[in-house]
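# Descriptive analysis of the structure
Each chain is listed here by its residues.
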Amino acid sequence: MAAEKQSIHGVWGSRWIFILAATGSAVGLGNIWKFPYIAGENGGGAFVLVYLLCIAIVGIPIMMGEVLIGRRGRNSPINAMRALALEAQASPFWKYVGWMGAIAGLLILSYYSVIAGWAIIYIFRLGSGQFESADAATVQNAFDGLLADPIMLTALHTLFMVMTMVVVARGVNRGLEAAIRILMPALFVLLAILLGYSVTSGAFEQGAKFLFDFDFSKLSSESILIALGHAFFTLSLGMGAIMVYGAYMPKKASIGSTVLIVAGMDTLVALVAGLAIFPIVFANNMEPGAGPGLLFVTLPIAFGQMPGGMIFGSLFFLLVTFAAWSSSISLIEPLVAWVVEKGLMNRNKAALLLGVITWSLGLGTVVSFNVGSDVSFLMGKNFFDSLDYLTANIMLPLGGLLVAIFAGWTMKRTTVEKELNMASYGVYALWTITVRLISPAAVIVVMIWTLFQEQIKAMLGW
Ligand code: PFF
């Protein structure tokens, strides 16, 4: 019986290990690098509110759906979706949802690794005291210099890809578990120290106001799509990462409470990162909408002025690197797991092959910050921006939508109930309504409105 099935890739030692691994996947560059900069670019407060709403009504229910599918299927997302579709006498074509996710993961990893490379070099830049007492312009120039250097970016991208694929090749249980057990709490502590600094830096109120003052006039419909896409990105949803981790989850663990913990920690880290960064932005008269460089410019300024900043700064970027590392392995795990299940090759070879493909694609992102910055792909965006837009704002929400429909409508009710094993029927009913109706409706409305608003307006004669 499928319920007794075990994953051939192993099972997490306990529920806590699953929580740690899923949190490791969720908490990453999305929280510390991407959330602050997109909140800045999209005007702050109202964007943050929409993002929080998306986490609550779309992210959490779909995350439960993903864990449920993974644990029931005990296979890579592609095979799990296929098996569960057959179990429910539905079309095996559902496996293509798994496929889309696996490809999205590879695409995301290709640029994620390039950005993680920036964090690696900042460990050394801060550690060497390069930014001690430096002013904003000096720090900005140092960052611009890094982006202008494709060789350096490629070297760092290569290093990060090797780190990622080595862990993936070893299997997720060995190595990573031990590391994140120590590193995640350490990241929290350092974020708290930074927060302490920015509270006293003079512009805390302004920073907090920027993040939590809900001024809806600043919100465009594109911002809403970005907030939705980011909710998927930050929770690692819509592409099978959480699903594949769910496949390694022990049978007895409660899915609902586990998911709440993971989503809660993820949101907390993002908000604390925002609260640490924006006061520094305002205290130094910088632009909140500065874009992808925000983290790499604001924080070095702060560390440069702080007693012990060299050590703290270097340690902070080390932890950012680790947070990125524990996320990156989950980006490629769905595809690697599928290749291994298919018997096409062993884990080592699969990791090598997929690593090389992802690495090559990453070179497109490397050059999009320098020699290729003017080459446009999607809607006039360069390679990196196009890839980011396509994956985070289109593929992940679409994948998540299909997961919600699958978990809400296609899977057998008895299977779902048994697997979720909720203590309260009320909560189960709430989840069912959300995953069946509310989450899909939210995703559909936001996607259709943002992507086709010109056509809709023309049709309605607005
Ligand atoms: N959640 C990760 C972050 O916020 O950095 C990124 C990510 C990991 C996205 C895994 C998607 C994924 F499947």
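Residues numbered from 1 in each chain as written. Predicted model: local features only at pLDDT ≥ 70, side-chain atom pairs only at ≥ 80, totals over all residues. Heavy atoms only, no water.

Moving on: the overall build of the protein. Helix and strand content of the protein: 18 helices and 0 strands. Taken against the 2.2 N^0.38 rule, which gives 23 Å for 462 residues, the C-alpha radius of gyration of the protein at 21 Å falls within 12% of a compact globule. Dimensions of the protein, computed from C-alpha atoms along their principal axes, come out at roughly 65 × 55 × 45 Å. Across the 462 residues in the protein, those meeting the buried criterion constitute 60%. (Helix = DSSP H or I, 4+ residues; strand = E, 2+ residues; numbered from the N terminus. Rg over C-alpha atoms; globule rule 2.2 N^0.38 Å. Buried < 20%, exposed > 50% of the residue type's maximum accessible area, 1.4 Å probe, protein only.)

Our next topic: the site of the ligand. In the vicinity of the ligand, 15 residues are found, and the nearest of them are Ala 26, Gly 30, Tyr 112, Phe 233 and Met 239. Here an oxygen atom of the ligand and a side-chain polar atom of Asn 31 are 3.3 Å apart. When the ligand is considered free in solution it has 340 Å² of accessible area, and contact with the protein chains removes 100% of it. Of all the secondary-structure elements, those providing two or more residues to the shell around the ligand are α1 (15-26), α2 (29-41), α10 (221-234) and α14 (309-342). Per-class residue counts for the shell around the ligand are 7 nonpolar, 8 polar and no charged. (Near = heavy atom within 4 Å. Polar contact = N/O pair within 3.5 Å; in protein donor to acceptor, adjacent residues only side chain to side chain. Areas by Shrake-Rupley, 256 points an atom, 1.4 Å probe, with all protein chains shown as cover. Nonpolar A, V, L, I, M, F, W, Y, C, P; charged D, E, K, R; others polar.)

What follows is about the pattern of salt bridges. Within this structure, the stated rule accounts for 8 salt bridges. Arg 71 is the partner of Glu 419 in a salt bridge, and the nearest nitrogen-oxygen pair spans 2.8 Å. On the criterion of sequence distance, the pair formed by Glu 419 in helix α17 (residues 413-420) and Arg 71 in helix α3 (residues 45-73) is long-range, its members being 348 residues apart. Arg 71 matches Glu 419 in its accessibility class, with the two residues each being buried. Linked through salt bridges whose partners overlap, the residues forming this network are Arg 71, Arg 72, Glu 87, Lys 251 and Glu 419. (Salt bridge = Lys/Arg side-chain N within 4 Å of Asp/Glu carboxyl O.)

Turning our eyes to something else, we now look at unusual backbone geometry. Phi at Gln 89 is positive, roughly 55°, even though this residue is not glycine. Along the chain, the position of Gln 89 falls in the loop between α4 (77-87) and α5 (95-127). Residue Ser 133 is not a glycine yet carries a positive backbone phi of 55°.

The next point concerns the nonpolar core. Counting residues in each nonpolar core, the largest one holds 171 residues, and the members touching the most others are Trp 118, Phe 296, Phe 316 and Phe 317. If you tally residues by element for this core, the top one is α5, at 20 residues. In this structure Phe 316 touches Ile 32, Leu 190, Leu 191, Leu 194, Leu 295, Leu 299 and Phe 303, once residues within four positions along its chain are discounted. (Core = buried A, V, L, I, M, F, W, Y, C linked by side-chain atoms within 4.5 Å. Contact = heavy atoms within 4.5 Å.)

Here we take up the packing of α3 against helix α12 (residues 255-283). Look at α3 against α12: their axes get within 10 Å of each other, and the N-to-C directions meet at 145°. Crossing handedness for the pair α3 and α12: right-handed. Contact with α3, carried on its side by Val 48, Tyr 51, Leu 52, Ile 55, Ile 60, Met 63, Met 64, Val 67, Leu 68 and Arg 71, involves Ile 255, Gly 256, Val 259, Leu 260, Val 262, Ala 263, Asp 266, Thr 267, Ala 270 and Leu 271 of α12 and no other residues of that element. Classifying every residue of the contact of α3 with α12 gives 16 nonpolar, 2 polar and 2 charged. (Axes fitted to C-alpha atoms, helices over the stretch in contact; angles between N-to-C directions. Left-handed = near helix turned anticlockwise from the far one by under 90°.)

Here we take up the side chain of Thr 321. One can find Thr 321 in helix α14. For Thr 321, a relative accessible area of 5% gives the class buried. Beyond its immediate sequence surroundings of up to four residues, Thr 321 is in contact with Ala 119, Ile 120, Ile 123, Phe 160 and Met 163.

Residues lying three or four places apart along an α-helix face the same way, a consequence of the helix completing one turn every 3.6 residues. Its maximal kink placed at Phe 35, α2 deviates by approximately 35°, while the proline Pro 36 follows within four residues. Along α2, 12 of the 13 residues are buried, which leaves the element largely enclosed by surrounding structure. Of the positions making up α2, those classed as buried are Leu 29, Gly 30, Asn 31, Ile 32, Trp 33, Lys 34, Phe 35, Pro 36, Tyr 37, Ile 38, Ala 39 and Gly 40. Just past α2, the residue Gly 43 takes up positive phi, approximately 85°. (Bend = angle between axes of the 7 residues up to and from the residue.)

With that settled, the discussion passes to helix α18 (residues 425-460). Look at α18: only 43 Å from first C-alpha to last across 36 residues, short of the 52 Å you get at 1.5 Å a residue. Buried residues belonging to α18 abut α3, α10, α16 (383-410) and α17. Here α18 starts with a cap whose side-chain oxygen sits 3.2 Å from the backbone nitrogen of Gly 426, and that cap is Ser 424. Positioned one or two residues after α18, Gly 461 has a phi angle of 70°, which is positive. (Expected span 1.5 Å × (residues − 1).)

For the coordinates displayed, the defined rule picks out 26 aromatic pairs. Over the face of the ring belonging to Phe 233 we find Lys 34, whose NZ or CZ atom lies 4.2 Å from the ring centre. The lysine or arginine in question, Arg 436, covers the ring of Trp 409, its NZ or CZ lying 4.3 Å from the ring centre. (Phe/Tyr/Trp six-rings, centres within 6.5 Å; stacked < 30°, edge-to-face > 60°. Lys NZ or Arg CZ within 6 Å of the ring centre and 35° of its normal.)

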